[in-house]
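One letter stands for each residue in the lines below.
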Amino acid sequence: ILELSTALKKKQISAIELANYFLDRVNKFSHLNAFLDVNPEITLEQAKKADEKISMRESGALTGIPIAHKDIFCIKDKKTTCGSKMLSNFISPYSSEVFSKLDTAGAITLGKTNMDEFAMGSSNETSFYGNVLNPINEKLSPGGSSGGSAAAVRANLCSFATATDTGGSIRQPASFCGVTGIKPTYGRVSRWGMIAFASSLDQAGIIAKNAKDAAIALKYMSGFDQKDSTSLNEEVKDLQKEVDADQEHVIGIPKGLIENIKNDQVRDSFKNAISILEKDGAKIEEINLPHIEYSLPAYYVIAPAECSANLARYDGIRFGHRSESVSSLEDLYVNSRTEGFGKEVKNRIFIGTFCLSAGYYDAFYNKALKIRNLIKSDFDEAFKKVSSIAMPTCSNSSFELGSISDPVEMYEQDIYTIPANLAGLPALSIPAGTADEMPIGLQLIGNYLEEGKILNLANKFQKLTDFHEFK
Ligand code: GLN
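Residues numbered from 1 in each chain as written. Predicted model: local features only at pLDDT ≥ 70, side-chain atom pairs only at ≥ 80, totals over all residues. Heavy atoms only, no water.

Caption draft 1: Layout of the pairing of strand S3 (residues 108–113). The buried count for S3 comes to 6 of 6 residues, which makes it a mostly enclosed element. The parallel pair strand S2 (residues 66–70) and S3, bridged by helix H4 (residues 97–104), forms a crossover whose chirality is right-handed. (Buried < 20%, exposed > 50% of the residue type's maximum accessible area, 1.4 Å probe, protein only. Helix = DSSP H or I, 4+ residues; strand = E, 2+ residues; numbered from the N terminus. Right-handed = clockwise from strand over helix to strand, strands pointing away.)

Caption draft 2: Structural context of the nonpolar core. Within the largest apolar cluster, 130 residues are counted, with the highest numbers of intra-cluster contacts made by Phe-118 and Phe-160. The element best represented in this core is helix H11 (residues 295–310), accounting for 9 residues. When neighbours within four sequence positions are excluded, Phe-118 is seen to be in contact with Cys-82, Ser-84, Met-86, Leu-87, Ile-195, Phe-197, Leu-311, Tyr-314, Phe-341 and Val-345. Membership of the second largest hydrophobic core comes to 5 residues, among which are Phe-176, Phe-399, Ile-404 and Met-410. (Core = buried A, V, L, I, M, F, W, Y, C linked by side-chain atoms within 4.5 Å. Contact = heavy atoms within 4.5 Å.)

Caption draft 3: Just the environment of Gly-60, in detail. By the secondary structure assignment, Gly-60 is in the loop between helix H3 (40–55) and S2. For Gly-60, a relative accessible area of 27% puts it in the partly exposed group. In this structure, the C-alpha to C-alpha distance between Gly-60 and Ala-50, residues 10 residues apart in sequence, is 9.5 Å. If we ignore the near neighbours within four places in the chain, the residues touching Gly-60 are Lys-9 and Ala-105.

Caption draft 4: Seen up close, the site of the ligand. Around the ligand, a shell composed of 15 residues is seen, among which Gly-167, Ser-169, Tyr-299, Arg-348 and Asp-414 lie nearest. Contacts to the ligand include Gly-121, whose backbone N or O atom sits 2.8 Å from an oxygen atom. In this structure, Ser-169 approaches the ligand through a side-chain N or O atom, which is 2.7 Å from an oxygen atom. If the ligand stood free it would expose 290 Å²; the protein chains cover 100% of that surface. Assessed atom by atom at 2 Å from the grid points, the ligand resides in the largest cavity. (Near = heavy atom within 4 Å. Polar contact = N/O pair within 3.5 Å; in protein donor to acceptor, adjacent residues only side chain to side chain. Areas by Shrake-Rupley, 256 points an atom, 1.4 Å probe, with all protein chains shown as cover. 1 Å grid on protein atoms, 1.4 Å probe; cavity = no way out; pocket = protein on both sides within 12 Å on 5 of 7 lines; lining within 4 Å. Sits in = over half its atoms within 2 Å of the grid points.)

Caption draft 5: Expanded view of the packing of aromatic side chains. If you walk through the whole model with that rule in mind, you get 17 aromatic pairs. With 4.7 Å between their ring centres and 80° between their planes, Tyr-299 and Tyr-300 make a pair best called edge-to-face. Accessibility expressed as a relative area gives 3% for Tyr-299, which makes it buried. On the basis of relative accessible area, Tyr-300 is assigned to the buried category, the value being 12%. (Phe/Tyr/Trp six-rings, centres within 6.5 Å; stacked < 30°, edge-to-face > 60°.)

Caption draft 6: Here's a closer look at the sheet that holds strand S5 (residues 180–183). A sheet is described by the order of its strands in space; here 11 strands give the open sequence S1-S3-S2-S4-S6-S5-S10-S11-S9-S7-S8, paired in mixed fashion. Strands at the two margins of the open sheet, each flanked by one partner only, are strand S1 (35–38) and strand S8 (283–287). The mean inter-strand angle of the sheet, taken between neighbouring strand axes irrespective of direction, is 30°. Where S5 and strand S6 (residues 203–208) come together, 3 bridges link them in antiparallel fashion. (Pairing = 2+ DSSP bridges. Axes fitted to C-alpha atoms, helices over the stretch in contact; angles between N-to-C directions.)

Caption draft 7: Unusual backbone geometry, seen in detail. Residues Gly-144 and Ser-145 are joined by a peptide bond in cis, for which omega reads 10°. Looking at the secondary structure, you find Ser-145 in the loop between S3 and helix H5 (147–154). Of note, Ala-119 is a non-glycine position whose phi angle comes to about 65°, a positive value. Checked against the element boundaries, Ala-119 lands in the loop between S3 and H5. Look at Asp-436: it is not a glycine, yet its phi comes out positive at around 50°.

Caption draft 8: Representation of the pattern of salt bridges in the model. Applying the stated rule across the entire model yields 15 salt bridges. Between Lys-227 and Glu-97 there is a salt bridge, with the nearest N and O atoms lying 2.9 Å from each other. Taken as a pair, Lys-227 in the loop between helix H7 (211–221) and helix H8 (239–242) and Glu-97 in helix H4 lie far apart in primary sequence, 130 residues in all. Among the ionic pairs, Asp-244 bridges to Lys-463, the shortest N-O distance being 3.4 Å. Taken together, the positions of Asp-244 in the loop between H8 and strand S7 (250–254) and Lys-463 in helix H17 (residues 451–464) put the pair 219 residues apart, joining distant regions of the chain. A cluster of three or more residues bridged by salt bridges with shared partners is formed by Glu-97, Lys-101, Asp-225 and Lys-227. (Salt bridge = Lys/Arg side-chain N within 4 Å of Asp/Glu carboxyl O.)

Caption draft 9: Spotlight on the layout of surface pockets. Put simply, the largest pocket is a space of about 770 Å³. Within the residue set of the lining of the largest pocket, elements represented by two or more residues are helix H9 (257–260) and H11. Of the voids in this model, the second largest pocket is the one considered here, and its volume is about 580 Å³. As for the second largest pocket, its lining consists of 19 residues, of which Ile-1, Glu-3, Lys-209, Asn-210 and Asp-213 are closest to the centre. Counting residues per element, the ones that place at least two in the lining of the second largest pocket are helix H1 (2–9), helix H2 (15–28), H7 and H17. Partitioning the lining of the second largest pocket into residue classes produces 7 nonpolar, 6 polar and 6 charged. (Points joined across faces, edges and corners; volume = space filled by probe spheres on them. Nonpolar A, V, L, I, M, F, W, Y, C, P; charged D, E, K, R; others polar.)

Here it is in structure tokens:
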């Protein structure tokens, strides 16, 4: 971002030239299916305005920087599908706060990126618009649900991309595509205009080429928003400064974690990454997270429960897909939802409705909430003695498209990422090695509103290593 921004300000390149460069690449790599919508006229119109601002010396930090938005963020008068047939005809009447903030900072929108339907999935295969290919090996999955954003960044189709993470959807695709992804603290970034999956877990973030870019992008996306009642009214720290500051780090490693990593290459890369940071001066401490093993089952009650409530609004009447073949009101609801939602989304609605139904509410939903509280307290305790917690992002590198048919096996993709969502903590993934010749990520989890701390550590790591470098 800084390099492009300097080149733009020095007029070594114009915003129009830069936008055209990326638009050409988006076109050239269209077979990756990373983008669902591109609108060159609007992009070039924005670029023209950016050039004018630069000429008048009125440019901001992101003026003229071409980016992509996950198709979960509404943009006024633009199609926002959320990867679903249900919203294939939805033109948003307003813009998400994420879009508005980055737009105000001067970023240029190249288009909307592909994703798992309603952000439910870990491979981008549940998208109604077809899966995305991993740019490193096109037979493999880019991860999900923000697969389009991760693939677009990795294939250099944009400078950075927005994404969302409910249980791992920023970090797991970042890990699979060898790029950097950060999910901030719950409430740090407004959810206004971001299509809801599981509202108490959903959080917007960034997929970028490195920690520094992620810090700059996140800084301009963060902040209190009255329109989102869960948005945090806390000062936005200068992440751009913090990422490069001289900071001390104490890294916590959960007891028993390393021995339990099944994949040898994932385990070795993790150990190697930690020793690099330790040699650089970080202190390593063992911590206890006794309830973390219940994260996955708790998540797969809470997330579907919230999804079943959130997706009730798609009734074929107010907006979204409406079935043609109906003879009664009941038919209209049933047929519109049957036709509009894909299999995975339906699975989640069934599970969620079941968990919330009378008689099962206490046994499933309430119990899951109690587990969530225990996990939060485990983290609170751990952060009394450490400044960040390290784990692998995922227990494996990318897999072949179509190779995982068992839903539970797919759910296990998020075994390491879900705890941070349940606790609402910031967490990021940076490239830290390879397994089966594909990248794997190191995950760093921070304390509440300490995005700067984990970005600083990630930046240190990226100064010492070149896992994040690619052409
Ligand atoms: N893979 C997880 C799921 O399908 C997480 C998705 C996400 O973070 N949006 O629920």
